Structures are given as structure tokens and as C-alpha cells.
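Report on the structure
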Amino acid sequence: MPTASDLGERALIQRITGRLAAPAWVLVGPGDDAAVVEPQRGTLDVLTTDAQVEGVHFDHRFMPPDAIGHRALAVNLSDLAAMGARPRMALLSLVLPGALDVAIVDGVLDGMLRVAESHHVAIVGGNISRSPGPLMIDVTAIGSIGRRRVLTRRGARPGDLVFVTGTIGDGAAGLESLREGGNGTPQETRFLYPEARVRAGMLLASNRAATACMDLSDGLADGVRQIAEASGVGMSIEAEALPVTGEVRRWHEARGGHPLEKAVAGGDDYELLFTVRPSHLGRLRAVQRLVGTLQLTRIGVVTRERAVVVRYSDGTRELPPGFEHFS
Ligand SMILES: [Mg+2]
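Since the model is a prediction, treat every value here as computed from it, not as a measurement.

Below, the discussion takes up the environment of P132. Within the element layout of this structure, P132 appears in the loop between β5 (122-131) and β6 (136-145). Between the alpha carbons of P132 and S231 there is a distance of 42 Å; along the sequence they are 99 residues apart.

Pasting the structure below:
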């Protein structure tokens, strides 16, 4: 396979745009100076952007190219899901080292386009530049939502119940396992190909079941702290209630780690953390019926006192510090 430099910018762009399909509401798609799209009537736009950088977010040694592409779009869709939005389109900025094998570019696109197709997201434009160092994939995603449906981090009130979708701790355990050489565990797959909870987010918003919501890209500890801070409340989390799979528990126990503490601290799960008023539990049950096998688990309560604590079977502990870039 040729490298990015062998092929050149024009040929690379053609190679990528040739694979993109455009719905009718995209009036001008990739290939012009900018994209032109028809807005969705009666809705607000929701916009987000997130870059994946080689050496910071991914490592070629244990991440196949399609997983890199999958994650680059999925992490953005996860942010839209956290707002309750329906994803609609994305812009893709690729910053490539000249010596990068074009097969890797193809693989990144394979993974990204699978996610785009499954969520009906159109890639409407983008840009390619040369990188003097690492590979960088910057995605901007745009979704739509009704004016009175928007979910933010700010609406949690004392007495609200705290819930999480799916299971937590898989992402962090998967990454550790991949760093140890990889064993083909389900956690590794969940780290490599995270599933954005788009449908759950949209249903929580459209049923007005949640008072606050965010996604757990940086871990449960971080999520709990962010919602508490934005809402001006505290939270009390029951560690024993956390949905941690037996597989993840055993994985940590075999290495002498505390599985629940690991699940609280770990990132990369892309589940939704949200709060529900007790009088709205009926709405939540309606959402649970519609999301099918995705479990919604109650893990704690919002408190008036502004501390954020996790109660373990052997006592209450302050939250461990969350993940921060630049620390
Ligand atoms: Mg987020």
C-alpha cells in the first residue's frame, strides 16, 4: 500500500469522499468550500467536537485502525446522546503523518462509516492536513433536538435518584487488558468499539424522564462530580449497586485490585449518567421498556449537602480524582 505522501492530498480526499453517501437534505456535500444543509424544522442544533490523538487517545500497537475510526465518531455521538439529541451529521478533519500507510486511512474510515451508517449520520465535509508527528482525527458532530427536550448537567435537585445505563468499568479494564498484550476479552471489545447510547439519550429526553444527564467518557467519579457541581447539589453513590459485570470483578480481583473502586475511577465507558425525579419513575419505566436489553440501574441519590461520596460496604469514602488532560 502507498503512504499518504505517495498518494497526495487530492487523491486522498477523493478516496474518502467516494465512500460517503449524502441524504437529500445535504444540498452541497464534500468537495466544495463548505457544506450546505437544510435545517431540521422546529428543532435546535446541538454541536460538539472531540479529537483523537495518537499517543494520547490511541496507540497503533493495540488499536486496529477501524477501532480508531469507530471511537473518533462514537465519542462525539456519545456527547450528543448525553444532551438527548438525534445525531445528524459530522465533519471530519484528518491530520496525517506523510509516512502513514494508506491502508490505515482506509481502516479508520471503515470503522467510522460503520458507526455513521448505524446511526444515520452523514459525513458532510472535512479537511486533510499533514502532521509533523502523530495521527490526529478531529470530528465535529451535529444533532438536533426539540427546544424543551434538551438535557443538561444542571437540572439535578435534592431527592432525585441517580441512574446509569449499561455496565461500568468495562472500558478501563479493557484498556488495561490490551496494554498487557490483549486476550480477546469482551471488555477489550467494549474499549475498542464503544457504543454511544444514542437511543437511550433521545428517549430520556423525549419522555422528559431525566432532570440532568451526561456521558461517562472520563469515568463515573468525574461524571458524578460534574453533575453535582453544575447543579449545585451533592450526591451519595452506593458502590454495591454499581452495575459491574462478574467478568470485570474477577479481572480486578485476580490482580489484587478493588473492583468497585476501579469501576468508580475508570473511564472510557460511554454510558449515560442521569438523574430522575422520584415522581417521574413511571416515565423512566417507559424508557426502560423501549431500550430493551440495555439496563438502567439506580446507583444513588442527589443530596442537598454538596459533598460527593461513595458508600462502600466497609465505609464511606470521598471520590478519587477524575481523569484530567494536562495533569
Ligand atoms: Mg461528554
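Quick look at the pairing of β5 now. Relative to β5, strand β4 (residues 86-97) is paired through nine bridges, and the arrangement is parallel. From the neighbouring strand, M89 faces β5, where its bridge partner is A122. Once the chain exits β4 it traverses helix α4 (residues 102-118) before rejoining the sheet at β5, and the crossover so formed is right-handed.

Turning our eyes to something else, we now look at the sheet that holds strand β8 (residues 212-215). With mixed pairing, seven strands are arranged side by side in an open sheet as β8-β10-β7-β11-β9-β12-β13. Each edge of the open sheet carries a strand with a single partner, namely β8 and β13 (315-318). This sheet shows a mean twist of 25° between the axes of neighbouring strands, independent of strand direction. Its contacts with the sheet place helix α7 (residues 198-206) against β7 (161-165), β8 and β10 (272-276), and it is angled at close to 15° to β10.

Attention now goes to the domain arrangement of the chain. Parsing the chain into structural domains produces domain 1 (4-148) and domain 2 (151-318). Between domain 1 and domain 2, the C-alpha centre-to-centre distance is 27 Å. Counting from both sides, the interface comprises 18 residues of domain 1 and, opposite them, 21 residues of domain 2. Sorting the residues of the side of domain 1 that touches domain 2 by element identifies α3 (65-83) and β4 as the ones contributing at least two each. Considering every element that reaches the side of domain 1 that touches domain 2, the biggest residue donor is α3, with eleven residues.

With that settled, the discussion passes to the packing of α7 against helix α11 (residues 281-291). Taken N-terminus to C-terminus, the directions of α7 and α11 make an angle of 150°; their axes are 10 Å apart at the nearest point. In this view, α7 runs roughly antiparallel relative to α11, as classed from their interaxial angle. Crossing geometry of α7 relative to α11 is assigned as right-handed. Taken together, the residues of α11 that come into contact with α7 (itself represented by R199, A200, L203 and L204) are V287, L290 and V291. Of the residues assigned to the contact of α7 with α11, the class counts are six nonpolar, no polar and one charged.

Calculation criteria
What you see as residue numbers is a count from 1 along each chain, following the sequence as written. Given that this is a predicted model, residues contribute local features only at a pLDDT of at least 70 and side-chain atom pairs are listed and counted only at 80 or more, while totals for whole chains, interfaces and linings are drawn from all residues. Secondary structure elements follow DSSP: runs of H or I no shorter than four residues count as helices, runs of E no shorter than two count as strands, and numbering proceeds from the N terminus. When DSSP finds two or more bridges between a pair of strands, those strands are recorded as paired. The crossover handedness rule: strands pointing away from the viewer, path from first strand over the helix to second strand clockwise, crossover right-handed. Note on geometry: axes are C-alpha line fits, over the in-contact stretch for helices, and angles between N-to-C directions span 0 to 180 degrees. By the criterion used throughout, residues are in contact when their C-beta atoms, derived from the backbone, lie within 7 Å. The split into domains, and so the bounds of each, comes from an automatic or database assignment of domains. Working rule for angles: under 35 degrees goes down as roughly parallel, over 145 as roughly antiparallel, 65 to 115 as roughly perpendicular, anything else as oblique. Crossings are assigned a handedness: left-handed for a near helix turned anticlockwise from the far helix by less than a right angle, right-handed for a clockwise turn. In the scheme used here, Gly and all other residues not listed as nonpolar or charged are polar, with Ala, Val, Leu, Ile, Met, Phe, Trp, Tyr, Cys and Pro taken as nonpolar and Asp, Glu, Lys and Arg as charged.

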